[in-house]
Amino acid sequence: MKNEVLREVERIVLTLDVNGEAKQLLVPVHKTLLEVLREDMQLTGTKHGCELGECGTCTVLVDGHAELSCLLLPVQLEGRAITTVEGIARGSELHPLQVAFGELGAAQCGYCTPGILLSAKSLLEGNPRPTRDDIREALAGNLCRCTGYTKIIEAIELAADRMR
Amino acid sequence: MKVVGKPLPKVDAAAKVTGRALYADDIALPRTLHCKILRSPHPHARILSIDTSAARRMPGVLAVITGADLPIKFGILPVTQDERALEHEKVRYVGDPIAAVAATEEEVAAAACDAISVEYEVLEPVMSIDAALAPAKDEPIQDYGGPNNIHKLVALEFGDVDGGFARADHVREDVFFFQGNTHLPMEQHSAIATYVDGKVTLWSSTQVVHYVHRALARVLELPMHRIRVIGAAHGGGFGGKTDPFAHEIIVCKLAMLTGRPVKCTLTREEVFYAHRGRHPVLMWVRTGVTGNGRITAMHFRSALDGGAYGSYGVASTFYTGALQTVTYDIPAYRFEGCRVFTNKPPCGPKRGHGTPQPRFAIELHLEKIARDLGLDPVNMKRRNFVQPYTRTVNWLRVTSCGLEECTERVIKASRFHERERRAGHGMGFAISSYLSGAGTAIYWNDMPHSEVQIKVDRGGVTVYCGAMDIGQGSDSVLATIVAEELGLQPTDVRLVTADTDTTPIDLGSYSSRVTFMAGNAALEAARKMRAMLAEAVEARGHEFGEVAFEEACVLAEARFGTLTSAGSYTPPKIAGPYKGSGVGPSPAYSYSACVVDLDADARTGLIAVNKVWIAHDVGRAINPLLVEGQVEGSVYMGLGEALMEEQTFRKGLHKWPSMLEYKSPTFLDVPEIETFIVETNDPEGPYGAKEAGQGPLLPVPPALSSAVYDALGVWIDEIPVTPEKVIEALRRKEKGEEPRYGPQRFPTVPYPPTIKVEPPPGAANAATASI
C-alpha cells in the first residue's frame, strides 16, 4: 500500500495573480498549476492532454510567455502574472485571435484551442509580423489532431494583420 | 441560397475559442467521487483471485468493484458481445480493466487500486497475425471463433473471376502491409455519472450516445428510460470514441452504489489501451488487366490483426474488401478476409474504417501494373474509374461520382505531367471513395437512422437531434439547414443535441453519416415548419418572407397551436442479396483525388513533403469552410499515418503509450495543402451534400508512397514509410535485389468455401463490353 499518499498532505497558502485577479488559495504543495487552475479556481478553459509536458494543450502565459501549466507548481508563481484563455478577451469583446479563429474555422473540436491561442498571443506580442515559419516554430509544441494546422496558421496571420 | 454554401463560422465557435465549452472532465458536480481503474499488467493471463479487502479499508474509499459486480458482457456489434467492464476471469491485453475504485480524491483512488492484489496464471501471449493463425500454446484468447485465434473468416466472389483472369493480357500479384495506429484525440476519454431517484445520468466524451445508452441498459440491467446519456463537448474522436467503454459503465455502477456523482478521466497512457484504432492489415492482391490496362478481374485477401476483442472488427473485416469496386470498375471480384485475435488493445474504427489499408494496397498495385505495361498510371487508373449512377459487381449502388473532375483538378493544379525532373523529387497520385453513412444500423432494426424535431415559440427556433458534434460541425450543419429553410441565420437557431432524454434518436458520429442523414431529417422537419409558417402568412395575403419571422410565428401559432415539426431519415434498402452485404452500402459515396509532392533524401531516407493537392467531391458544400477543415484534417492525419504513426508492441507491452514517443505531425511537419471542393449535387443528399470527414484521408498514404518511388525508384509497400525502410529499400536496389521494402508473403489462411454471388442485372456489362 502506498501509505504516503494517505498521510496529511502539506498545504500552503499562496496568492496567485490569474487574469489580473489576485486570489489567495490554500493548496497542496504538490498540485500543479494546471490542477489548481481547473480544480481550485474553476478555470476549466485550460485543458489537459497528457499532463507530462508533451502536447501543449495546457499552455498558459506566465508574464506573457507561453508555459505548460502541467509542469509548473504554483509555489513558483507568486508575484507572476498568469493568463489563461478566460483572460484574453476584454470583457465581452473577444481578442482578435479569438475572432479570427472563429471566422476561419481554426477550432474544430476546440480542445487544443485555448493552449494554441495563448502560444499565438505570446508569439504576436514579441513578433507582430510573423512569417509562416515563425508561426510554425512558435506553435510546434502545441499538437492539434483536427485541423491539420492550416486554418490555425491562417487565423494567426489574420489576427496579426488586424492587430497591427 | 442564403446560408447554405456560405463559409460561415461554426455555431459553437465562440464557446470553443473562449474556453467556455464544457468537456466531460470540466463538469464539476457537488460531492463528486473520483474513479481509478486497476488494469492488467499481463497481455494474457487467467485471474485466479482478486483481493480488494485492503483497498476497501482505506480512508476515503467509498466503493470497490470487480467483474463480479458487472458480469454481463457487452460489445458494439450484436455478434461480438465479448467485453466486460471489468474482467474477473481472464485478461487479454496489458491495460484490460480488472477492478475500479471510487474515492474522495483521485490520489486515494489510485492508491486503493495499488492495494488490490490479483493472482494470475500467466498464459503465452499471441502477438502477431502468424502466431494467431497457429495453434495456441496455452489456450485461445477468446472462447469463440477459430480455428486457433481466428475471429472471423469471409470468402465472397462476384462475377466470373477465373474467366476474368483467363481473359487478361497481364496478371500481377503484390503483398502490402499497413501498420496499426491510433486516433490520439487531444482529449482523454472522460465520463461522469449521477444516480438520482433511481435514474442514471451519464455525461461522456462519446461519438455515439445511443449505442452507449444501449450498452448501459444491458450491463446495468436497467430499462433505457431510466438511463440518460448526454454527449459533453467533444475533444476529438476520429472513431476512437465510437464503442461503449468500460469506464462509462463503471462510473454509472459506482454512482449507483455510492449515491454520489462519480467521474473517471483516463490518463493518456490509458487512452492508448482503450484504442479501437486502425487495424494492422496484411494484404495480397492479384489483378488481371488487358493490354491497355483495363481491369478484367481482381482477387483481394486481407488479414487483420484485431487485438483482444471484437469491437467493430467484423465490420472492419468486410470493409477491407467492400469498397474496392466503388472506385474502380471491376467486372469480376473475389474477396477473402480474415481477422485474428491477439493480446493487444482491441482495434476498431479509425477515420476511414477498414478502407485506408486496401486503398493503399490497390493504388500502389495499379501503379505497378501501369509501369509493367508502360502506361501512364494516372491515365490507366482513369480508364478504370467507376461511372456515376451504376451498380458495382458486389451490388453497391453508385450515384453521383466526381472522380473524373477531382482527378482533373489535382493533376492540372500540380502540373503533374508537366513538371521538370530533378533528383530526389517525386510526385504521386491516388484516388479514394468513402461512405456518406453506413446504409445499415449496428443492430438490425427498421427504425429511422436519424430524427429531428423543431419547436418554434416567440420567434425562437429550437432544433432537437441526437446527433453528436465531435468538432466536425454537425451542430452547424443542422442549424444551417433549418436556418436556410426558415429564412434565418444559423446563429438564430438554438440547438439541443446528443441527449437521450430530450432529443430524438440519431445513431451518432461515425461512418460519415451525420450531414447526410441528420441533414435530411432536419431538412424534412424544417420544410414542414416552413409550410406551416407560410400557410399562416399566406392566409393573411402575404408571401412567406414578406413579414418578419416573429410575426409569422405569431400568425402560425394562432392558427395551429403549439408549433412543432419532425423529420426523419431512413437510408434506402439497397444492400445486395448475400450474407455480409450490410457492410458497404451507403446512400451516396464521396470521391477524392490527391497529389503529393515531396523530396526524399537518398542518404538519410528522410522525406520532406512539399505540398499536397486534394480535390474532394462532397456533393454540395453546406459550409465550404467546414468542408475544407475536414479535408485538411484528413490530409494531415493521412500524412501522419503515411510517415510516422504506429501503434506497436514489444514483449506484450505497448512500445510508446505517450504523446512524445507516439510520433504525430506537428506544425513543423505539415506542408501546404491546397483543397478543391468538387460539387456533384447528389440527388439524395441534403441540398446534394455528401460526406467530407473521412474520404480525403484515404488517398494520402498511397500517393505519398508512389511519390517516394517517383523520387528514388524504390517501392515502400508498407505503412508507415519511415527513413529506415527507405534506406533498406535503397540498399537492396544497390545490391541488385528487388528495389522494395515490404512483406514478402501472405500467410496460409483457412478461408471457408467461397460464396458465389450473382452480380446484379446490368452490372459490369458495360465494362465487359468495353474491354
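Bear in mind that the values here come from a model prediction, so they are computed numbers and not experimental data.

A. Broad picture of the overall build of chain B. Counting its regular elements, chain B contains 20 helices and 31 strands. The principal-axis extent of the C-alpha atoms belonging to chain B is close to 80 × 75 × 50 Å. Relative to its full complement of 771 residues, chain B shows a buried share of 63%. When contacts within chain B are restricted to residue pairs at least 6 apart in sequence, those whose partners lie at least 24 apart make up 80%.

B. View of the overall build of chain A. Within chain A one finds 5 helices and 5 strands. Secondary structure elements of chain A occur, N-terminal to C-terminal, as β-β-α-β-β-β-α-α-α-α. Taken against the 2.2 N^0.38 rule, which gives 15 Å for 164 residues, the C-alpha radius of gyration of chain A at 17 Å falls within 12% of a compact globule. Oriented by its inertia axes, the alpha-carbon framework of chain A measures out at about 55 × 35 × 25 Å. Taking the intrachain contacts of chain A between residues at least 6 apart in sequence as the baseline, contacts between residues at least 24 apart amount to 58%.

C. Examining the domain arrangement of chain B more closely. Residues and elements named next belong to chain B. Taken domain by domain, chain B consists of domain 1 (30-123 + 186-236 + 241-274), domain 2 (281-440 + 578-757) and domain 3 (447-569). Each of domain 2 and domain 3 was reduced to a C-alpha centroid, and the two centroids are 37 Å apart. Residue-level contacts link 20 residues of domain 2 with 16 residues of domain 3. Elements supplying a minimum of two residues to the side of domain 2 that touches domain 3: β18 (425-435) and α17 (624-643).

D. Representation of the sheet that holds strand β13 (residues 281-289) of chain B in the model. Residue and element names in this part refer to chain B. Ordered by their spatial adjacency, 7 strands build an open sheet running β29-β8-β13-β14-β15-β7-β31, and the pairing between neighbours is mixed. Looking along the sheet, the strands with just one partner apiece sit at the ends: β29 (718-719) and β31 (755-757). Two elements, strand β7 (residues 150-158) and strand β15 (residues 333-340), share 8 bridges in a ladder whose sense is antiparallel. Residue pairing in the sheet places I150 in a bridge with V340 of β15.

E. Structural view of the packing of helix α11 (residues 356-373) of chain B against helix α18 (residues 700-712) of chain B. Residue and element names in this part refer to chain B. Across the interface, α11 lies against α18 with an axial gap of 8 Å and an inter-helix angle of 35°. The handedness of the crossing between α11 and α18 is right-handed. From α11, P356, R359, F360, E363, L364 and E367 reach across to α18, where they touch P701, P702, S705 and S706. Residues that form the contact of α11 with α18 fall into these classes: 5 nonpolar, 2 polar and 3 charged.

F. Expanded view of the sheet that holds strand β23 (residues 589-600) of chain B. Residue and element names in this part refer to chain B. Here 4 strands make up an open sheet; going across it, the order is β18-β23-β24-β27 and the pairing mixed. Because the sheet does not close on itself, it has two edges, and the strands there are β18 and β27 (672-678). Adjacent strand axes in the sheet meet at a mean angle of 15° when their direction is disregarded. Judged from the 10 bridges that link them, β23 and strand β24 (residues 607-617) form a sheet pairing that is antiparallel. Across the sheet, the residue bridging to D599 is A608, located in β24.

G. Fine view of the nonpolar core. Residue and element names in this part refer to chain B. C35, A112, V251, V463, V482, A522 and V708 are the most contacted members of the largest nonpolar core, which has 297 residues in total. At 14 residues, the largest contribution of residues to this core is made by helix α15 (residues 514-538). Setting aside chain neighbours within four positions, we find V708 in contact with G426, A600, I607, V714, I716, V721 and V726.

H. Focus on the interface of chain A and chain B. Between chain A and chain B, the contact holds 42 residues from the first and 47 residues from the second. Broken down by secondary-structure element, the contributors of at least two residues to the side of chain A that touches chain B are α2 (96-104), α3 (113-126) and α5 (150-163) of chain A. Here the side of chain A that touches chain B takes 4 residues from α2(A), the largest share from any one element.

I. Looking closely at α17(B). Between the first and last C-alpha of α17(B) there are 28 Å, a value that for 20 residues agrees with the 28 Å anticipated at 1.5 Å per step. Counting buried residues along α17(B), 18 of its 20 residues qualify, which places the element largely inside the surrounding structure.

J. The arrangement of the packing of helix α14 (residues 474-486) of chain B against α15(B) in detail. All names here are of chain B. Running from N to C, α14 and α15 point in directions that differ by 30°, and their axes come no closer than 9 Å. On the basis of their axis angle, the class for α14 and α15 is roughly parallel. Once α14 is placed against α15, the crossing between them reads as right-handed. The residues of α15 that touch α14, namely those facing S474, V477, L478, I481, V482, E485 and L486, are V514, T515, A518, G519, A522, L523, A526, R527, M529 and R530. Grouping the constituent residues of the contact of α14 with α15 by class yields 11 nonpolar, 3 polar and 3 charged.

K. Highlighting α3(A). All names here are of chain A. Taking 1.5 Å of rise per residue, the 14 residues of α3 would be expected to cover 20 Å, and the 20 Å separating its terminal C-alpha atoms lies within 8% of that figure. The buried count for α3 comes to 12 of 14 residues, which makes it a mostly enclosed element. Considered for burial, the residues of α3 that qualify are T113, P114, G115, I116, L117, L118, S119, A120, K121, S122, L123 and L124.

L. Broad picture of the environment of F178(B). Residues and elements named next belong to chain B. One can find F178 in strand β8 (residues 170-178). Taking the C-beta count within 10 Å as the criterion, F178 has 27 such neighbours and is therefore assigned buried. When the C-alpha positions of F178 and M283 are compared, they lie 8.3 Å apart, and in sequence the two are 105 residues distant. Sequence-distant contacts of F178, defined by excluding residues within four places in its chain, comprise P280, V281, P356, Q357, F360 and I719.

M. Geometry of the confidence of the model for chain B. Residue and element names in this part refer to chain B. Of the residues in chain B, 99% reach a pLDDT of 70 or more, and the chain-wide mean stands at 97. In the predicted structure, residues 765-771 sits below a pLDDT of 50 and forms 6 contacts with residues beyond four places in sequence or in another chain. Both scores are available for the predicted complex, with the pTM at 0.97 and the ipTM at 0.96.

N. How the structure looks around the domain arrangement of chain A. All names here are of chain A. The domains assigned to chain A are domain 1 (7-87) and domain 2 (96-163). Distance between the C-alpha centres of domain 1 and domain 2: 22 Å. Facing the 15 residues of domain 1 at the interface are 13 residues of domain 2. For the side of domain 1 that touches domain 2, the secondary structure elements donating two or more residues are β3 (59-62) and β4 (65-68). A breakdown of the residues in the side of domain 1 that touches domain 2 according to their chemical character gives 6 nonpolar, 8 polar and 1 charged.

Reading the values: rules and limits
- Residues numbered from 1 in each chain as written.
- Chains lettered and ligands numbered in written order.
- Predicted model: local features only at pLDDT ≥ 70, side-chain atom pairs only at ≥ 80, totals over all residues.
- Helix = DSSP H or I, 4+ residues; strand = E, 2+ residues; numbered from the N terminus.
- Buried ≥ 20, exposed ≤ 12 C-beta atoms within 10 Å, placed from the backbone.
- Contact = placed C-beta atoms within 7 Å.
- Rg over C-alpha atoms; globule rule 2.2 N^0.38 Å.
- Domains from an automatic or database assignment.
- Pairing = 2+ DSSP bridges.
- Axes fitted to C-alpha atoms, helices over the stretch in contact; angles between N-to-C directions.
- Left-handed = near helix turned anticlockwise from the far one by under 90°.
- Nonpolar A, V, L, I, M, F, W, Y, C, P; charged D, E, K, R; others polar.
- Core = buried A, V, L, I, M, F, W, Y, C linked by C-beta atoms within 7 Å.
- Expected span 1.5 Å × (residues − 1).
- Parallel < 35°, antiparallel > 145°, perpendicular 65-115°, else oblique.
- pLDDT = per-residue confidence, 0-100.

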